[in-house]
Amino acid sequence: MHIQTATIAAPHAARDNILHALAAFAATRPGLNPREYMRDWRDTEGRKTYAAEVRSITKDLHHARALLTAVRLSSISEAQLVEAFRSKRLSWDGQRLDYCISQCYATEYRKAVCAVLASALWAYYRDDCCADTGDKIRLAARRALPRAIASRWFN
């Protein structure tokens, strides 16, 4: 028996490509080198600084994942996502992400993902959810996202 198959383009294929690229980029390892923080193995200040950086970078990953989930659950279009990349360090050329490094890649790249996603959600709340003021947008974000994320990315 021969079954004929057809490729059907999903209505959100381009949107999903962007979200997948953002998720993959956020999931990459930061590449911190503990030796850059410590003079030797007894350097407790260096260890504390390194641990604080690791915690901060991990928190950024959790924020990026929560914002990705919120965007996936919303009806944000591909065009709205592409618009969110404007004037950010992270850009989308239609096929791949491009990141412009400022000072320290390891501590910034996940924040760049969060900034793009928060920008897309801000526009979505403003345009599609009839939240016409900043206070209404922040209220919508607080309802949809964990408090720490809403207060950090929608202030």
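Above this text sits the structure in question.
Since we're looking at a predicted model, the values are computed, not measured.

Trainee: How would you explain the overall build of the protein chain if you had to name every residue and give the values?
Mentor: Each helix and strand counted, the protein chain has six helices and two strands in total. Across the protein chain, helices and strands are ordered from the amino to the carboxyl terminus as α-α-α-β-β-α-α-α. On C-alpha atoms alone, the protein chain measures out to a radius of gyration of 19 Å, which is more than a quarter above the 15 Å that the 2.2 N^0.38 rule sets for 155 residues. Relative to its 155 residues, the protein chain shows a buried fraction of 35%. Look at the contacts in the protein chain between residues 6 or more apart in sequence, and 69% of them connect residues 24 or more apart. Total accessible area on the protein chain is roughly 10,100 Å²; 52% of this is exposed by carbon and sulfur atoms.

Trainee: How would you explain the layout of surface pockets if you had to name every residue and give the values?
Mentor: Of the voids in this model, the largest pocket is the one considered here, and its volume is about 160 Å³. Taken together, Arg29, Pro30, Gly31, Leu32, Tyr50, Val54, Ile57, Thr58 and Arg110 form the lining of the largest pocket. Considering every element that reaches the lining of the largest pocket, the biggest residue donor is helix α2 (residues 44-73), with four residues.

Trainee: If you had to explain helix α1 (residues 13-27) to someone new, which residues and values would you point to?
Mentor: Spanning 15 residues, α1 covers 21 Å between terminal C-alpha atoms, matching the ideal 21 Å at 1.5 Å per step. Along α1, the residues classified as buried are Arg15, Ile18, Leu19, Ala21, Leu22, Phe25 and Ala26. The arc enclosing the buried residues of α1, seen along the axis, measures out at 155°, which places them on a common side. Contacts made by the buried residues of α1 are with α2, α3 (78-84), β1 (90-92), β2 (97-99) and α4 (105-127).

Trainee: An account of the packing of aromatic side chains is requested, with residue identities and associated values reported.
Mentor: Within this structure, the stated rule accounts for nine aromatic pairs. Ring plane angle 65° and centroid distance 5.4 Å describe the contact between Tyr37 and Tyr50, whose orientation is recorded as edge-to-face. Here Tyr37, found in the loop between α1 and α2, pairs with Tyr50, found in helix α2; they are 13 residues apart in sequence, far enough to count as distant.

Trainee: An account of the pattern of salt bridges is needed here, citing residue identities and associated values.
Mentor: With the rule as written, the count across this model stands at nine salt bridges. A salt bridge links Asp16 to Arg15; its shortest N-O distance comes to 3.8 Å. On the basis of relative accessibility, which here comes to 6%, the residue Arg15 falls in the buried class. The shortest N-O distance in the salt bridge between Glu108 and Arg89 comes to 3.2 Å. Highlighted residues: Glu108 in helix α4 and Arg89 in the loop between α3 and β1, separated in sequence by 19 residues.

Trainee: Requested: an account of unusual backbone geometry, with residues and values cited.
Mentor: Not every positive phi belongs to a glycine, and Cys130 is a case in point at roughly 55°. Turning to its location among the elements, Cys130 is positioned in the loop between α4 and α5 (134-144).

Trainee: Describe the nonpolar core, naming the residues involved and giving the relevant values.
Mentor: The biggest cluster of nonpolar side chains holds 40 residues, and the ones touching the most others in it are Leu22, Leu67, Leu90, Leu121, Leu145 and Phe154. Those elements giving two or more residues to this core turn out to be α1, α2, α3, β1, β2, α4, α5 and α6 (147-153). Top contributing element to this core by residue count: α4, with eleven residues. With residues up to four places along the chain from it excluded, the contact list for Phe154 reads Leu67, Ala118, Leu121, Trp122, Tyr125, Arg138, Ala141, Leu145 and Ile149.

Criteria and cut-off values
Residues numbered from 1 in each chain as written. Predicted model: local features only at pLDDT ≥ 70, side-chain atom pairs only at ≥ 80, totals over all residues. Heavy atoms only, no water. Helix = DSSP H or I, 4+ residues; strand = E, 2+ residues; numbered from the N terminus. Rg over C-alpha atoms; globule rule 2.2 N^0.38 Å. Buried < 20%, exposed > 50% of the residue type's maximum accessible area, 1.4 Å probe, protein only. Contact = heavy atoms within 4.5 Å. Areas by Shrake-Rupley, 256 points an atom, 1.4 Å probe, with all protein chains shown as cover. 1 Å grid on protein atoms, 1.4 Å probe; cavity = no way out; pocket = protein on both sides within 12 Å on 5 of 7 lines; lining within 4 Å. Points joined across faces, edges and corners; volume = space filled by probe spheres on them. Expected span 1.5 Å × (residues − 1). Arc of directions from axis to C-beta. Phe/Tyr/Trp six-rings, centres within 6.5 Å; stacked < 30°, edge-to-face > 60°. Salt bridge = Lys/Arg side-chain N within 4 Å of Asp/Glu carboxyl O. Core = buried A, V, L, I, M, F, W, Y, C linked by side-chain atoms within 4.5 Å.

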